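If you want the building blocks of each chain, they are given just below.
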Amino acid sequence: MLDETEIHPLFEGAPTTTEFKKLRKRIVRQVREAIEQYGMIERRSDGAQPKWLVCLSGGKDSYTLLAVLYELKWRGLLPVDLLACNLDQGQPGFPATVLPEFLDRMGVPHRIEYQDTYSIVMDKVPAGRTFCALCSRLRRGNLYRIAREEGCSAVVLGHHRDDILETFFMNLFHGGRLATMPPKLVNEEGDLFLYRPLAHVAEVDCEKFAQAMRYPIIPCDLCGSQDGLQRQQVKQILDGWEKNSPGRRQVMFRSLMNARPSHLLDPKLFDFAGLTLGQDRSAGDV
């Protein structure tokens, strides 16, 4: 066990209250569980340590992600090299010095990349339409390129439990499919992993953590603030359910980890046509 006084700079000045200690412990435990459960630490044949590109937007979620990964690495529980990366997309008024100054002060290896995707989005997206899809696609392509240039095996994103749940309902309501953002996947080219270690962490915990640590939060003024976004509508629905029945979000999230193909309707996932009488039904019926 390391001396509690030996901490990474990302945790310097952390509150000493019991409430914060419980919050920090909970987030670290949930991230560690997700990393182990979904096999995010690659075992390389050459014995070298994997390297992750940790995407840092400057929002509460990405700060929480970075801090917790360094907490695990500091404790010897994450045998991975970490490179923080911010993609400056050329948004007017973006405080370009905030993240590099913060990362320098924290002693965190990083790369700041400038790519004016903002102008592309503004040019291509018709007035009144949302920017999210194109903006995300351009951002992801640049991050994959940077990961390859830096010799990283994975791109690591700060999507949390609520992001995953909201995406599930967006696909359900608007996409006509049962799908969400998985904690781990391989990109289309097949050469990079994409990880979401905050998959089990609630958004409210990320917010409490980042605020308590007084990290320099940078708001997203391009897509997140647009009125009428489908994600915001879904978020309001989930907020209402949670208010009327506290804990509902976590119950719904657990259902994503407890799928029963035989009790859905997709014949590509389960051989309904091949069912015969007398088969072993030890799994039980609902």
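It should be emphasised that the depicted structure is a prediction, and the values quoted were computed from it without experimental measurement.

Helix and strand counts for the protein chain come out as 9 helices and 6 strands. Residue burial in the protein chain is summarised as follows: out of 286 residues, 41% are buried. At a minimum sequence separation of 6, the contacts of the protein chain that also span at least 24 residues come to 74%.

A separate point is the nonpolar core. Across soluble globular proteins, nonpolar side chains have a tendency to be buried as a group. In this structure, Trp52 and Leu69 are the most contacted members of the largest nonpolar core, which totals 42 residues. With 8 residues, the top contributor of residues to this core is helix 2 (residues 60–74).

Let us look at the confidence of the model for the protein chain. Overall, the prediction assigns the protein chain a mean pLDDT of 89, with 90% of residues at 70 or greater. Element-level mean pLDDT values for the protein chain span from 76 in helix 4 (residues 117–124) up to 98 in strand 4 (residues 154–156).

Another aspect to go through is the packing of aromatic side chains. Applying the stated rule across the entire model yields 12 aromatic pairs. With a centroid separation of 5.3 Å and an interplanar angle of 25°, the aromatic rings of tyrosine 63 and tyrosine 215 are classed as stacked. You can see tyrosine 63 sitting in helix 2 and its partner tyrosine 215 sitting in the loop between helix 7 (203–213) and helix 8 (230–244), a full 152 residues away along the chain. The exposure class of tyrosine 215 is buried, given its relative accessible area of 7%. Between phenylalanine 168 and phenylalanine 169, the ring centres sit 5.3 Å apart and the planes meet at 85°, which makes this aromatic pair edge-to-face. Grouped by ring-pair contacts, the aromatic residues Phe11, Phe20, Tyr63, Phe102, Phe209 and Tyr215 constitute a single cluster.

This part takes up the environment of leucine 198. Topologically, leucine 198 is positioned in the loop between strand 6 (193–195) and helix 7. With relative accessibility at 0%, the residue leucine 198 sits in the buried group. For the pair leucine 198 and glutamate 33, spaced 165 residues apart in the sequence, the C-alpha separation amounts to 9.8 Å. With residues near it in sequence (within four places) discarded, leucine 198 still touches Val31, Asp61, Leu65, Gly158, His159, His160, Arg161 and Cys206.

Where helix 6 (residues 161–175) contacts helix 9 (residues 248–256), the axes come no closer than 10 Å and their chain directions differ by 70°. In terms of axis orientation, helix 6 runs roughly perpendicular to helix 9. Contacts from Arg161, Asp162, Ile164, Leu165, Phe168 and Phe169 of helix 6 reach helix 9 at Arg249, Gln250, Met252, Phe253 and Leu256.

Counting across every chain of the model gives 23 salt bridges. Put simply, glutamate 203 and lysine 60 hold a salt bridge, and the shortest N to O gap is 3.2 Å. On the criterion of sequence distance, the pair formed by glutamate 203 in helix 7 and lysine 60 in helix 2 is long-range, its members being 143 residues apart. According to the relative accessible area criterion, lysine 60 is partly exposed, its value standing at 22%. Between arginine 145 and glutamate 149 there is a salt bridge whose closest N-O contact spans 3.2 Å. Of this pair, arginine 145 and glutamate 149 both sit in helix 5 (residues 132–149), separated by 4 residues, roughly a single helical turn.

Conventions used here
Residues numbered from 1 in each chain as written. Predicted model: local features only at pLDDT ≥ 70, side-chain atom pairs only at ≥ 80, totals over all residues. Heavy atoms only, no water. Helix = DSSP H or I, 4+ residues; strand = E, 2+ residues; numbered from the N terminus. Buried < 20%, exposed > 50% of the residue type's maximum accessible area, 1.4 Å probe, protein only. Contact = heavy atoms within 4.5 Å. Core = buried A, V, L, I, M, F, W, Y, C linked by side-chain atoms within 4.5 Å. pLDDT = per-residue confidence, 0-100. Phe/Tyr/Trp six-rings, centres within 6.5 Å; stacked < 30°, edge-to-face > 60°. Axes fitted to C-alpha atoms, helices over the stretch in contact; angles between N-to-C directions. Parallel < 35°, antiparallel > 145°, perpendicular 65-115°, else oblique. Salt bridge = Lys/Arg side-chain N within 4 Å of Asp/Glu carboxyl O.

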